[in-house]
Amino acid sequence: SQKLNTLGRILAQRGMRLFFLGKGDVSLLDQNAMTILAPVPYDESWSYLHHAQVGIVVAAGPFMHNNESTKIYHYLRAGLPIVSEEGFPNDCVVRKSELGFVVPNGDLQNMAGRIEEAAAITSWDRRKAADAVVREHSWDRRVDTYDDLIRKRKVDSCLDYCYSNGNA
């Protein structure tokens, strides 16, 4: 909350407005620093993404998270430029998409500058990034990766068992 409040204030000084959409405890968010929108059903959230200028992703702290930020996939799928703090295993997706920036964790002045820059760029290839996410990062694609891994593991485990018992 403190990070979002600070970023909202910095953006306001630059003539921009931070919008917060989602569930959770918003009691610590400063309504003077951002606009807090009521939660909406998942289906309707895409409408908000299609009308936003930049999607932002902040990290809870300066450590590497052990889970990906699904916001990154959602923003890219909507063709929305992203500015994300580093610290997520899927930071590389932002870089590879060429539709955003990853900034050092905790450097909110830099983040605000990159948000301003991302909003001003008109030459983003939004379609290319959205298509890449669908092609390379869909749930079907993820399942394919895990399916291959699990099947290989099962084969390896079976072969290990056979070899260890002299049955190969």
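Just above sits the structure.
Reference entry: report on the structure contained in this document. (Residues numbered from 1 in each chain as written. Predicted model: local features only at pLDDT ≥ 70, side-chain atom pairs only at ≥ 80, totals over all residues. Heavy atoms only, no water.)

Check the secondary structure of the protein and you find 7 helices and 5 strands. Going from N to C terminus, the protein has its helices and strands arranged as α-β-β-α-β-α-β-α-β-α-α-α. Relative to a compact globule of 168 residues, whose C-alpha radius of gyration would be 15 Å, the protein shows 20 Å and is clearly more extended. Considered along the principal axes of its C-alpha atoms, the protein spans approximately 75 × 35 × 30 Å. The burial tally for the protein puts 35% of its 168 residues in the buried class. Partitioning the contacts of the protein with sequence separation of at least 6, the portion at a separation of at least 24 is 52%. When the accessible surface of the protein is totalled, it reaches about 10,700 Å², and 52% of it is carbon and sulfur. Seen as two clouds, the 20 positive and the 21 negative side-chain charges of the protein have centres 1 Å apart. (Helix = DSSP H or I, 4+ residues; strand = E, 2+ residues; numbered from the N terminus. Rg over C-alpha atoms; globule rule 2.2 N^0.38 Å. Buried < 20%, exposed > 50% of the residue type's maximum accessible area, 1.4 Å probe, protein only. Contact = heavy atoms within 4.5 Å. Areas by Shrake-Rupley, 256 points an atom, 1.4 Å probe, with all protein chains shown as cover. Lys, Arg positive; Asp, Glu negative; His and termini not counted. Charge placed at Lys NZ, Arg CZ, Asp CG, Glu CD.)

This part covers helix α3 (residues 70-77). Along α3, the positions that sit buried rather than exposed are I72, Y73, Y75 and L76. Buried positions in α3, seen along its axis, are confined to an arc of 165° and lie on one side of it. Immediately beyond the C-terminal end of α3, within one or two residues, lies G79, with a positive phi of roughly 75°. (Arc of directions from axis to C-beta.)

In a structure, side chains of opposite charge can pair up when their charged atoms sit close to one another. For the coordinates displayed, the defined rule picks out 8 salt bridges. One salt bridge in this structure joins E85 and K3, with 2.9 Å as the shortest N-O distance. With E85 in strand β4 (residues 82-85) and K3 in helix α1 (residues 2-13), this pair connects stretches of sequence that are 82 residues apart. When its relative accessible area of 1% is taken as the criterion, E85 is described as buried. In the salt-bridge network here, residues are joined through shared partners; they are K96, R135 and E136. (Salt bridge = Lys/Arg side-chain N within 4 Å of Asp/Glu carboxyl O.)

Following the sequence through the fold, S97 ends up in helix α4 (residues 91-97). The exposure class assigned to S97 is buried, which follows from its relative accessible area of 9%. From its side chain, S97 meets the backbone nitrogen of L99 in a polar contact 3.1 Å long. Excluding residues within four positions of it along the chain, S97 makes contact with L76 and A129. (Polar contact = N/O pair within 3.5 Å; in protein donor to acceptor, adjacent residues only side chain to side chain.)

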